[in-house]
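# A structural walkthrough
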Amino acid sequence: MWRYLAGALAALLLASAGLFWFASGSANRGVQRILPAFPQTAEDPGSLPDTVPEADPKTREQKRFGRVDKDKNGSVTREEYLASRRKAFAKLDTNGDGKLDFDEWAIKASTKFAGADKDKSGALTPAEFATTAVVRKARPKAKCACPPVAAAPAAADDEN
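Because the structure is a prediction, the values reported are computed rather than measured.

## Focus: the overall build of the chain
Of regular secondary structure, the chain possesses 7 helices and 0 strands. Order of helices (α) and strands (β) in the chain, N terminus to C terminus: α-α-α-α-α-α-α. Expressed as a percentage of its 160 residues, the buried residues of the chain come to 8%. Once local pairs closer than 6 in sequence are excluded, the contacts in the chain between residues at least 24 apart make up 12%.

As C-alpha cells, this is what we get:
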C-alpha cells in the first residue's frame, strides 16, 4: 500500500514541478532564440497597414507581352504576334493544304461538342459547357533560390 502512496506523491511532485516550469516561461525561451523578433515600424509600432496594395494591371499585360516577345528585344514583330495563331490554324487544317475550309472547322467543333455533351441530350448544361474552355498549360513554379535552412542550435542548449 505504501508503494501506491509513494507513487501518487511522486506523480504530484512531478506535475507541480512541470506546472512551475511552464509558468515561469522557460518553455518559451528556446523559441525566442530560434525565431527573430517581428520588425516594428517607426511610425506606428505593432499595427498593420490599413489598406492592402493591389496588383498593378500593367503587370498582367507585361507578362502577356513577354510571352509573345520570343526574342526578348522589347518589341513584338508581326511574326511573333501571329505565331500562336499559326499553331492553332495548323491544328485545325487537317489536310495541310494551308486553307481552312468549313468542313475542317465543323469537324473540330462537332467533335468538341460531342465530347462535352456527356448525357447525349443534344444540349450543354452549364457544367458540360464549362468543360469546353481552353485548357492552359500549367506553368512550372519558380524554384526558390533561398539557402537551405540550417539545423537549430537551440537543441543542444535544451539538453543542459
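From this point, the narrative continues.
## A few points about the packing of aromatic side chains
The geometry of an aromatic ring pair is captured by the separation of the ring centres together with the interplanar angle, meaning the angle of the planes. The final tally for this structure, using the stated rule, is 1 aromatic pair. Pairing F102 with W105 gives two aromatic rings, centres 5.9 Å apart and planes at 40 degrees, and the pair type is tilted. Of this pair, F102 and W105 both sit in helix α5 (residues 102–116), 3 residues apart, which is roughly one turn of the helix. Judged by its relative accessible area of 60%, F102 is exposed. The exposure class of W105 is partly exposed, given its relative accessible area of 45%.

## Overview of the pattern of salt bridges
In the structure shown here, the tally under the stated rule is 1 salt bridge. Across the pair R86 and E79 runs a salt bridge whose closest N-O atoms are separated by 3.0 Å. For R86, a relative accessible area of 41% corresponds to the partly exposed category.

## Here we look at the side chain of D117
Tracing the chain through its elements places D117 in the loop between α5 and α6 (126–130). What D117 contacts, discounting residues up to four positions off in sequence, is G122, A123, L124 and E128.

## What about helix α4 (residues 78–92)?
With 15 residues, α4 extends 21 Å between its outermost C-alpha atoms, agreeing within 8% with the 21 Å of an ideal straight helix rising 1.5 Å per residue. Along its length, α4 reaches its greatest deviation from straightness, about 35 degrees, at S84.

Conventions used here
Residues numbered from 1 in each chain as written. Predicted model: local features only at pLDDT ≥ 70, side-chain atom pairs only at ≥ 80, totals over all residues. Heavy atoms only, no water. Helix = DSSP H or I, 4+ residues; strand = E, 2+ residues; numbered from the N terminus. Buried < 20%, exposed > 50% of the residue type's maximum accessible area, 1.4 Å probe, protein only. Contact = heavy atoms within 4.5 Å. Phe/Tyr/Trp six-rings, centres within 6.5 Å; stacked < 30°, edge-to-face > 60°. Salt bridge = Lys/Arg side-chain N within 4 Å of Asp/Glu carboxyl O. Expected span 1.5 Å × (residues − 1). Bend = angle between axes of the 7 residues up to and from the residue.

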